[in-house]
Amino acid sequence: MMAEGAGAGPRLAELLEAGWRLCEEVESGAEPSSGAPAVQEKVRKGLEALERVAAMVAQLDLFSENEELEEIASADLKYLLLPALRGALTLKQVDLSRRLEHLETARAHFWRFLKHCKSYGLGSFHLPPATASPSGEEDAGTPSLGGPAAAQHSLLAMASNRQAKIERYKQKKELENRLASVRTFVESGQADEDQIREFYILQIQKWINTSLEEIESIDQEMVILRSRDTVKQPPAPPHGASRPVRTPLKPFILTRDAAQAKVFGAGYPGLPTMTVDDWYEQRRKQGVVSAQSAPQRAPGISDEDLQKQQQEKKEEEDDEETLQKARNWDDWKDTHPRGYGNRQNMG
């Protein structure tokens, strides 16, 4: 591998220093809001500088998966921080329409940084999954359990997560104290190689804790954003197709036959008239009723004959009691003439 002085050059170091400095200024929160134009300008410039550094580091092939931590030159250790710095600045972008995209990008940067640190043995931590699980849980590959086993598993996971956070908090305070004592020598240019190496390793360990916290926060925010997007989507129709809008019917007079239609049409010129057959035919063309729904009538049969046929059919299908009443009525009409018993108009 190449050391910074041999192949990287001072320009690469200056770009990293500029991006790192802008990241620290944004993280310090000197401005009242991260959405302030001055803050967003620093974010833009910082990302631009770090992206150029990333392209140059990839071209120089500074790091290899086959090498050990001791093989990396002390001056090159700071380039391991590159993905973490890019992730931190990516999170500071305030474009709400692209928030989910920024979260995914920042998470990928943090995860890449943690993966490199894990491969070099820098820090003892559990590497999160490469992508966020839909439920927002860190261990997406853990099989789901049920009943008391699920409750026990959840309690153990919560206790383990809480203990890990406590340990990270203690490490963070200890790292800050050790960094403060070494930073003075490095920034003044009086530090030797061992102090420079210790300074960058402490910085890497500090950013390991930061990256783990940021990934946990990102996963939770992504779950909220995806749930909100799901709620905003309109519900789909039950069968995947919308119901056609029916045209409202105009009022009309429904008559039994054509002759009756002429009578009502003459009396009510403001309303159209329509026979039952015409109405069924119109509805059939509109697709509201099927052809089998329309009443079937043989040619040459009048409405009165059709009613008699329907009455006879009904009597045939009726029960014995109805048939017996019909027979009694017929017998009574045979023995009593029309108008029998009506004596109101007699003198």
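Rules used in this analysis
Residues numbered from 1 in each chain as written. Predicted model: local features only at pLDDT ≥ 70, side-chain atom pairs only at ≥ 80, totals over all residues. Heavy atoms only, no water. pLDDT = per-residue confidence, 0-100. Helix = DSSP H or I, 4+ residues; strand = E, 2+ residues; numbered from the N terminus. Contact = heavy atoms within 4.5 Å. Buried < 20%, exposed > 50% of the residue type's maximum accessible area, 1.4 Å probe, protein only. Axes fitted to C-alpha atoms, helices over the stretch in contact; angles between N-to-C directions. Parallel < 35°, antiparallel > 145°, perpendicular 65-115°, else oblique. Left-handed = near helix turned anticlockwise from the far one by under 90°. Nonpolar A, V, L, I, M, F, W, Y, C, P; charged D, E, K, R; others polar. Phe/Tyr/Trp six-rings, centres within 6.5 Å; stacked < 30°, edge-to-face > 60°. Lys NZ or Arg CZ within 6 Å of the ring centre and 35° of its normal. Expected span 1.5 Å × (residues − 1). Salt bridge = Lys/Arg side-chain N within 4 Å of Asp/Glu carboxyl O.

Brief notes about the confidence of the model for the chain
Stage number 1. With 67% of its residues at a pLDDT of 70 or more, the chain shows a mean pLDDT of 78.
Stage number 2. The least confident element of the chain, judged by mean pLDDT, is helix H7 (residues 258-267) at 57; the most confident is helix H3 (residues 82-91) at 97.
Stage number 3. Counted against residues more than four places away or in other chains, residues 136-145, with its pLDDT under 50, gives 9 contacts.

Some thoughts on the environment of Leu47
Stage number 1. Assignment of secondary structure puts Leu47 in helix H2 (residues 37-60).
Stage number 2. We classify Leu47 as buried; its relative accessible area is 10%.
Stage number 3. Residues Leu47 and Leu22, 25 residues apart in the sequence, show an inter-C-alpha distance of 9.1 Å.

Thoughts on the packing of helix H4 (residues 99-119) against helix H6 (residues 193-232)
Stage number 1. Their axes nearest at 9 Å, the elements H4 and H6 cross at an angle of 150 degrees. In terms of their interaxial angle, H4 and H6 are classed as roughly antiparallel. Crossing handedness for the pair H4 and H6: left-handed.
Stage number 2. Looking at the contact of H4 with H6 residue by residue, the classes come out as 16 nonpolar, 1 polar and 7 charged.

Description of the packing of aromatic side chains
Think of a pair of aromatic rings as described by two things: how far the centres are apart, and how the planes are tilted against each other in angle.
Stage number 1. Summed over all chains, the structure comprises 1 aromatic pair.
Stage number 2. The ring of Phe125 is capped by Lys118, whose NZ or CZ atom sits 4.9 Å from the centre of that ring.

A few points about H2
Stage number 1. The end-to-end C-alpha distance of H2, which contains 24 residues, comes to 35 Å, matching closely the 34 Å that a straight helix rising 1.5 Å per residue would cover.
Stage number 2. Three or more residues of H2 are buried, namely Val39, Gln40, Val43, Gly46, Leu47, Ala49, Leu50, Val53, Ala54 and Val57.
Stage number 3. Asp61 lies just past H2 and shows a positive phi near 55 degrees.

Considerations on the pattern of salt bridges
Stage number 1. As enumerated under the stated definition, the model contains 10 salt bridges in all.
Stage number 2. Between Glu14 and Arg11 there is a salt bridge whose closest N-O contact spans 3.8 Å. Taken together, the residues span about one helical turn, with Glu14 and Arg11 both in helix H1 (residues 4-28) at a distance of 3 residues.
Stage number 3. The salt bridge involving Glu221 is made with Arg99; its shortest N-O contact spans 2.9 Å. Taken together, the residues Glu221 in helix H6 and Arg99 in helix H4 connect sequence positions 122 residues apart.

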